[in-house]
Amino acid sequence: MQKIATIFDNAFLLEPTAFGDHRGFFMESYNAKVFEQLGLSYNFIQDNHSLSVEPGTLRGLHYQLEPAAQTKLIRAVRGAIYDVIVDIRKGSPTYGQWQGFILSEENKHQLLVPKGFAHGFCTIVKNTEVQYKVDSYYSPENDRGIAWNDPALNIDWPTTNPILSDKDNKHPNLEEADNNFTFSK
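Residues numbered from 1 in each chain as written. Predicted model: local features only at pLDDT ≥ 70, side-chain atom pairs only at ≥ 80, totals over all residues. Heavy atoms only, no water.

1. Side note on unusual backbone geometry
The test is simple: Here a helix means four or more residues in a row that DSSP labels H or I, a strand means two or more in a row labelled E, and each is numbered from the N terminus. For every residue, the accessible area (1.4 Å probe, protein chains only) is compared with the maximum for its type, and the residue is labelled buried under 20%, exposed over 50%, or partly exposed between those bounds.
Cis peptide bonds are those with omega within 30 degrees of zero, and the linkage from Gly 60 to Leu 61 qualifies with 5°. Considering the arrangement of structural elements, one finds Leu 61 in strand E6 (residues 58–64). Cis rather than trans, the peptide bond between Glu 66 and Pro 67 has omega equal to 10°. On the secondary structure map, Pro 67 appears in the loop between E6 and strand E7 (72–78). Even without a glycine there, the phi angle at Asn 10 is positive, about 70°. Look at Asn 10 and you get partly exposed, because its relative accessible area is 44%. Residues other than glycine seldom take positive phi values, yet Lys 108 does so here, at roughly 60°.

Written out as structure tokens, the structure is:
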């Protein structure tokens, strides 16, 4: 597995090693020992799985407040997504900046999203399935979000008219969002 740096500290694109032949492929999508060798040590405690039927389905931008903040390890197991993370750590030199990544069943890339980042994705093809690990349980009282179309963020999504949940359609802009993250070196 290769760890590829992003523009953010502690957020990484991960490229698993896949072994393929005429039958298909085999890969380890997660191995705690390999992660530790890469300097990544997390206690993932829950796996989540979503299906988005239509392309242009946008989920996000989501995060949870402390003490229930989550590190996420995301991958598209079927189809493809444009995955976006936003630094929401107050005082961070990259506060309010975003970066997008294509995660697909073909490239098998995974994205490690640390605490202090909002996360969302938009499906690119029909019937896209996304799986992700988290290191903290879902906490409804700490669940928060940021508007996908916040003009200050100016995220270049692959659609201008996404399919949204009612909840995701009502998130505030970053500057109005409830956020208890601060940057520390």
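2. A closer look at the nonpolar core
Keep this limit in mind: Put simply, a nonpolar core is a bunch of buried Ala, Val, Leu, Ile, Met, Phe, Trp, Tyr and Cys residues held in one set by side-chain atoms that sit within 4.5 Å of each other. By the convention used here, residues are in contact when the closest approach between their heavy atoms is within 4.5 Å.
Of all hydrophobic cores here, the largest spans 19 residues; its most connected members are Leu 61, Tyr 63, Val 86, Ile 88, Ile 146 and Trp 157. For this core, the secondary-structure elements that each account for two or more residues are E6, strand E8 (80–87) and strand E11 (117–123). With residues up to four places along the chain from it excluded, the contact list for Val 86 reads Leu 61, Gly 96, Gln 97, Trp 98, Gly 116, Phe 117, Ala 118, Leu 153 and Ile 155.

3. Notes on a nonpolar patch on the surface
Heads up, the condition is: Patch construction takes residues with relative accessible area above 30% that form no salt bridge. Like charges are linked within 9 Å, and nonpolar side chains (Val, Leu, Ile, Met, Phe, Trp, Tyr) are linked within 5 Å. In this description, accessible areas are obtained by the Shrake-Rupley approach with a 1.4 Å probe, and a residue is regarded as covered only by the protein chains that are shown. Salt bridges are counted wherever a side-chain nitrogen of Lys or Arg sits within 4 Å of a carboxyl oxygen of Asp or Glu.
A grouping of Ile 102, Ile 124 and Val 125 is seen on the molecular surface, where their side chains present a nonpolar patch of about 220 Å² in accessible area. Take Val 125: it is sitting in the loop between E11 and strand E12 (128–134).

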